[in-house]
Each structure stands twice: as C-alpha cells, then as structure tokens.
Amino acid sequence: MSIKRITILGSTGSIGRNALAIVARHRNRFRVVALTAGQNIDLLKKQIHAFSPEIVAVADKQAAHALEKKIGRRKSARLRILFGQEGISAAAEYKKSDFVLSAIVGAAGLVPGLAAIRAGKTIGLANKEALVMAGRIMIQQAKKYGATLLPVDSEHSAIFQCIEGHKKSDVRRIILTASGGPFSGKKMRELRAITPAQALNHPSWKMGRKITIDSATLMNKGLEVIEAHYLFGLPAEKIDVIVHPQSIVHSLVEFHDRSCIAQMSVPDMKAPIAYALTYPDRLTDVVHALSLHQIGMLTFRKPEMKCFPCLAYAYRALREGGTMPSVLNASNEVAVHAFLKGAIRFTDIPLLIKKTMDRHTVQSDKTLPLVLEADRWARETAKELVQKL
Ligand code: MG
C-alpha cells in the first residue's frame, strides 16, 4: 500500500484538526506535505512539529514572520513558509501532493480550492461556501482539468455513499438530514434574545464557530442544498430537507422504485473526512460503534421555515441562480460575524440576508470575476445594512 501525500488547506480549523488526528493514527498510510492556516500560529507550529510538512502557508506576511520566529531559523531553512492568497494557492497545487483537503471556512477557500482543481488534484471538499459561490465554475474546471471532488460534509458524504453502485438516473430525490440546531421549536420572541454563547452550543455536532451559527439558523442546511445541487447535479426540486435531531442518519437517497438508502453512524466528522481521505477504501474503527439499542429512537420532522427562513432563502437563491447564491453566502458571512460580535440580534441574521438579496440584480456566474464582484457587492451592502439595524 502506497503512502498518500496530503495537503490540508485550513489545518487549524475543526476539519483540519480532525483530519490530522486521523493521520496521526495511520502514519503508515498518510504523510502530510503541506499545511495552510490563517492566524493561529501557535497551533500551526505544533502541527509542523508533529507532522513535518514541506510547505506551510499562512494568511499574511506578519503571520509568516511570526511563525518563522517561533520555529527558529534552522527548522525554517528546511521548510518553505509562504503567505497570502498566492502562498496558500501554491500549497493547494503543490506537485508532491496526491490529495488536498479543502477545509478553509467561507469565501476565503474559493481561490485556493480552484488552484487545487486546476492542478488536477483529488480534493476532499469541506469548504461548502466555495461551491455555493462558484459551483458552476468549480464543476466545469474539475472536468476540464481532471480533478476529482469528494464530499467531506457529512450529509454529502452520506449521499455519495448511498449512490455508490447505483445508476444516477434511478435517483428520484435526495433527502438531507438537519439536526435542527439548538433552538428548534422556539418562538420568534425567544429567538430574538439568543446570545452568541447559546448559539455556539450545538446539541449533537462539535464544529467550528461559523458553521455552528449556520446550523442554529438552518443556513447551514441551505448552503448544503446548494452544495448538493452542484455535487450531484440535481435540481432544487429533487433535494429535500428533514429535521433529525439525533444526527445518526446523515442523509438518504430515494430511488424511483421508492426504495430509500440511508447512511448512519455516530455524529463525528472523522467518519466523512476519513472516507474522503481513503476512498474507495475504508479505515478500521474511525469512530465509535453505533449502538442503536442505546439510542432507542430516531425521530424526524419537517423543518420550521417560518422561524428559520434561511433555508427558504437558500432555495430561493438556487432557483434564481447566477450570482444570487454568492450574495446569499456573502451576506450570511457578514451577518454571522456581526452577530458573534454582538452587533446584531440572532433574528437579524435572516433579515439582513433577505434585504441584501432583495437589492441584488442577478448576474451571470460564468466567470470568477463576476462571482467575486457579487461577493464584494453583497458584503458591502450587508455591512451598510448592519449599521442601519
Ligand atoms: Mg453538514
């Protein structure tokens, strides 16, 4: 068995850390050749020490200097330290890498993700925002450059596993499960008073801050609907969402004969990360065994679109197409950031997104500059709206 040489874009985030935990347990199968991070230099230093990559890239020049200082001159002579979007993209297309885990959070992951695609890599895609913004471009370029996109998002990994070995033409629809977040069943007036600390306390999944807030607003599921549209080439009407608070069934595929196949495991991101890392093989004991008799009951219900309208806005963005998904994503990133800073209320997040979308005139999403311009416009507009709230 040959050793897989891997690059992790966003190694200090939640997905990156989980991936390195898998690598640490299977040193005979993986070698880390490149890591990228934003500003978390302390953790990156520890990761460099533990995994000896050949290249690391950080957000900017100051961070690169700080890192160099921390690891000392002798060590940095053997290690290439790069910075900025160019540096991170250079890590993404690094020749010696067989597999790129794209795990940068948000729009910042788009350009490095595209660099990995153009280098024809096999990519484990955790950065759903990139697909939401520029899914059409990413899928086209993956075809053109012979890159393979493997889903890391748990729902999409589930769908991918359920479709394996079946004809795509036999798929009637896919059903993404959603935990419903911590505030499922709450009234509008209760939602208004929610604090960032309450929203960051997810009932079933351990994840990063941005995605945890997205889960609480149901925007995460909205982004995942758009992500599924691109990954599996299905229209909006063939993608459904069901709330499943236990997060055991990670998603289902319904075939034309009405037979459904679901994928289950305990909720632990190591499972879908490992599957992407080793596909089509599987590692042993990646997560704890699923003990259904201990769980006892799995429940399902319809999502509450009225109190959590973000999911409906995502379907709207997908239907309107073009640059609208970019605008949805950018305004959401601004809103989540403002909420975490205490500048707006929890219930202002969907309000801000809707207002930004209402002001947008849909443009074509055929080229990267068009998509990036829509992203920039939406951020500016959403920031203005934050001031006015
Ligand atoms: Mg997910």
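Each remark here, short or long, concerns the structure printed above.
Since this is a predicted model, take the numbers as computed values, not measurements. (Residues numbered from 1 in each chain as written. Predicted model: local features only at pLDDT ≥ 70, side-chain atom pairs only at ≥ 80, totals over all residues. Heavy atoms only, no water.)

**Remarks on the overall build of the protein chain**
Move 1: Across its full length, the protein chain holds 18 helices and eleven strands.
Move 2: Its C-alpha radius of gyration of 20 Å places the protein chain within 12% of the 21 Å reference for a compact globule of 389 residues.
Move 3: Counting only C-alpha atoms and orienting by the principal axes, one finds that the protein chain spans roughly 60 × 50 × 40 Å.
Move 4: The buried share of the protein chain, reckoned over its 389 residues, is 55%. (Helix = DSSP H or I, 4+ residues; strand = E, 2+ residues; numbered from the N terminus. Rg over C-alpha atoms; globule rule 2.2 N^0.38 Å. Buried < 20%, exposed > 50% of the residue type's maximum accessible area, 1.4 Å probe, protein only.)

**Some remarks on the packing of helix α1 (residues 14-25) against helix α2 (residues 41-51)**
Move 1: Look at α1 against α2: their axes get within 12 Å of each other, and the N-to-C directions meet at 20 degrees. The angle between the axes of α1 and α2 places the two elements in the roughly parallel class. Handedness of the α1/α2 crossing: left-handed. Each of Arg17, Leu20, Val23 and Ala24 in α1 lies in contact with α2, whose residues at this interface are Leu43, Gln47 and Phe51.
Move 2: Residue composition of the contact of α1 with α2, grouped by class: five nonpolar, one polar and one charged. (Axes fitted to C-alpha atoms, helices over the stretch in contact; angles between N-to-C directions. Parallel < 35°, antiparallel > 145°, perpendicular 65-115°, else oblique. Left-handed = near helix turned anticlockwise from the far one by under 90°. Contact = heavy atoms within 4.5 Å. Nonpolar A, V, L, I, M, F, W, Y, C, P; charged D, E, K, R; others polar.)

**Side note on the coordination of the magnesium ion**
Move 1: Every protein donor of the magnesium ion is listed here as Asp153 (OD), Glu155 (OE) and Glu224 (OE), and their distances to the metal cover 2.0 to 2.2 Å.
Move 2: Sequence spacing among the residues donating to the magnesium ion works out to D-x1-E-x68-E. Remark: Glu224 occurs in helix α12 (residues 219-232) and Asp153 occurs in the loop between β7 (148-151) and α8 (154-163); sequence separation between them is 71 residues. You'll find Asp153 and Glu224 in the same group, each marked buried. (Donors = N, O, S within 2.8 Å, 3.2 Å for Na, K, Ca; no water.)

**A word on the sheet that holds strand β9 (residues 239-243)**
Move 1: With respect to topology, four strands assemble into an open sheet ordered β9-β8-β10-β11, the strand pairing being mixed. Whereas interior strands pair on both sides, the edge strands pair on one side only; in this sheet they are β9 and β11 (260-264). Averaged over all neighbouring strand pairs, the angle between strand axes comes to 20 degrees, with direction disregarded.
Move 2: Bridge analysis of strand β8 (residues 171-178) against β9 gives five bridges, and the strand direction is parallel. When the sheet's bridge partners are listed, Ala178 is paired in β9 with Val243.
Move 3: Sheet strands in contact with α12 are β8 and β9, and its direction is about 150 degrees off that of β8. (Pairing = 2+ DSSP bridges.)

**Here's the deal with the pairing of strand β2 (residues 30-36)**
Move 1: Most of β2 is tucked away: six of the seven residues are buried.
Move 2: Both strand β1 (residues 4-9) and β2 contribute to a ladder of six bridges, which runs parallel. Within β2, the position partnered with Arg5 by the bridge is Arg31.
Move 3: Following the chain from β1 across α1 to the adjacent parallel β2, one finds a crossover that is right-handed.
Move 4: In this sheet, strand β3 (residues 55-58) lies alongside β2 in parallel orientation, the contact comprising three bridges. Its bridge partner being in β3, Ala34 is matched across the sheet by Ile55.
Move 5: Read as a crossover between parallel neighbours, the route from β2 over α2 to β3 is right-handed. (Right-handed = clockwise from strand over helix to strand, strands pointing away.)

**Structural notes on unusual backbone geometry**
Move 1: Residues Tyr279 and Pro280 are joined by a peptide bond in cis, for which omega reads 5 degrees.
Move 2: Of note, Pro280 is situated in the loop between α13 (270-278) and α14 (292-295).

**Things to note about the nonpolar core**
Move 1: Among the nonpolar cores identified, the biggest contains 126 residues, and Leu67, Leu101, Ile174, Phe232, Ile273, Leu328 and Phe346 are the most heavily contacted of them.
Move 2: Broken down by element, this core gets its largest block of residues, nine residues, from helix α16 (residues 324-340).
Move 3: With near-sequence residues (within four places) excluded, Leu67 lies in contact with Ile41, Leu44, Lys45, Ile48, Val56, Val58 and Ile81. (Core = buried A, V, L, I, M, F, W, Y, C linked by side-chain atoms within 4.5 Å.)

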